Amino acid sequence: MLLGIIYNNGLVLRPLAEIRFPSVLGRIGLAYMFANIIYLYTKQLGQIIWFCALLIGYWLLLRFNAAPGFPMGDLTMEGNFASYLDRLIIPGHLHLTIHDPEGLMSCTPAIGTAL
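Summary of the structure given here. (Residues numbered from 1 in each chain as written. Predicted model: local features only at pLDDT ≥ 70, side-chain atom pairs only at ≥ 80, totals over all residues. Heavy atoms only, no water.)

1. Side note on the layout of surface pockets
Next, step 1: By volume, the largest pocket amounts to about 150 Å³.
Next, step 2: The wall of the largest pocket is formed by 14 residues, among which Met-1, Phe-21, Pro-22, Leu-30 and Leu-104 lie closest to the centre.
Next, step 3: Sort the elements by how many residues they give to the lining of the largest pocket and helix α2 (residues 24-41) lands first, with three residues.
Next, step 4: Considered class by class, the residues forming the lining of the largest pocket number nine nonpolar, three polar and two charged. (1 Å grid on protein atoms, 1.4 Å probe; cavity = no way out; pocket = protein on both sides within 12 Å on 5 of 7 lines; lining within 4 Å. Points joined across faces, edges and corners; volume = space filled by probe spheres on them. Helix = DSSP H or I, 4+ residues; strand = E, 2+ residues; numbered from the N terminus. Nonpolar A, V, L, I, M, F, W, Y, C, P; charged D, E, K, R; others polar.)

2. As for the packing of aromatic side chains
Next, step 1: Applying the stated criterion to the full structure yields two aromatic pairs.
Next, step 2: Geometrically, the ring pair formed by Trp-59 and Phe-64 is edge-to-face, given 6.3 Å between the ring centres and 80° between the ring planes.
Next, step 3: Take Phe-64: its relative accessible area is 43%, and that puts it in the partly exposed class.
Next, step 4: Ring centres of Phe-81 and Tyr-84 lie 6.0 Å apart, and the angle between their planes is 40°; this geometry places the pair in the tilted category. Taken together, the residues span about one helical turn, with Phe-81 and Tyr-84 both in helix α4 (residues 81-89) at a distance of three residues.
Next, step 5: Taking the ring centre of Phe-64 as reference, the NZ or CZ of Arg-63 above it sits at 5.3 Å. (Phe/Tyr/Trp six-rings, centres within 6.5 Å; stacked < 30°, edge-to-face > 60°. Buried < 20%, exposed > 50% of the residue type's maximum accessible area, 1.4 Å probe, protein only. Lys NZ or Arg CZ within 6 Å of the ring centre and 35° of its normal.)

3. Section: the side chain of Thr-108
Next, step 1: Examined against the element boundaries, Thr-108 turns out to sit in helix α5 (residues 107-114).
Next, step 2: A distance of 3.0 Å separates a polar atom in the side chain of Thr-108 from the backbone oxygen of Met-105.
Next, step 3: Excluding residues within four positions of it along the chain, Thr-108 makes contact with Leu-54 and Tyr-58. (Polar contact = N/O pair within 3.5 Å; in protein donor to acceptor, adjacent residues only side chain to side chain. Contact = heavy atoms within 4.5 Å.)

4. Focus on the state of the cysteines
Next, step 1: Summed over the entire model, instances satisfying the criterion amount to zero disulfides.
Next, step 2: Free of any disulfide, Cys-52 has its nearest cysteine sulfur in Cys-107, 20 Å distant.
Next, step 3: For Cys-52, a relative accessible area of 35% corresponds to the partly exposed category. (Disulfide = S-S within 2.5 Å.)

5. A word on α2
Since one α-helical turn is 3.6 residues long, residues separated by three or four positions face the same way.
Next, step 1: Between its first and last C-alpha, α2 extends 26 Å over 18 residues, near the 26 Å set by a 1.5 Å rise per residue.
Next, step 2: For α2, the complete set of buried residues consists of Gly-26, Arg-27, Leu-30, Ala-31, Ala-35 and Ile-38. The buried side chains of α2 occupy one side of the element, clustering within an arc of 150° when seen end-on. In α2, the exposed residues that point more than 90 degrees away from the buried face are Ile-28, Tyr-32, Tyr-39 and Leu-40. (Expected span 1.5 Å × (residues − 1). Arc of directions from axis to C-beta.)

Shown next as structure tokens:
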């Protein structure tokens with residue numbers, strides 16, 4: 001994750017409000033960390049359950065939710081529920097102004113991939 005922060009912001013010291021945290025390297029770090037925690041503390045059946053729960057849960061979240069003012073299940077960048085949560089949690093630090101492909105919510109299926 002530290003390498004992703006350095007890649008996004010350089011080695012210049014900046015105020016915390018100006019630093020962009022989401023990145024591919026950060027996503028790899030988060031997914032690896034959570035997948036290892038699941039791997040270390042569950043048996044194989046538990047890992048399969050976690051895998052299915054992460055992927056199905058993320059799909060259900062996107063399928064039956066949307067940003068305010070958009071129809072349920074909208075998968076556009078503006079109406080996508082994961083993008084909406086990212087705009088709420090990390091405003092001003094997204095790759096695009098309305099969407100970040102490496103946002104916090106989209107780390108959920110990445111954890112499943114790491115498992």
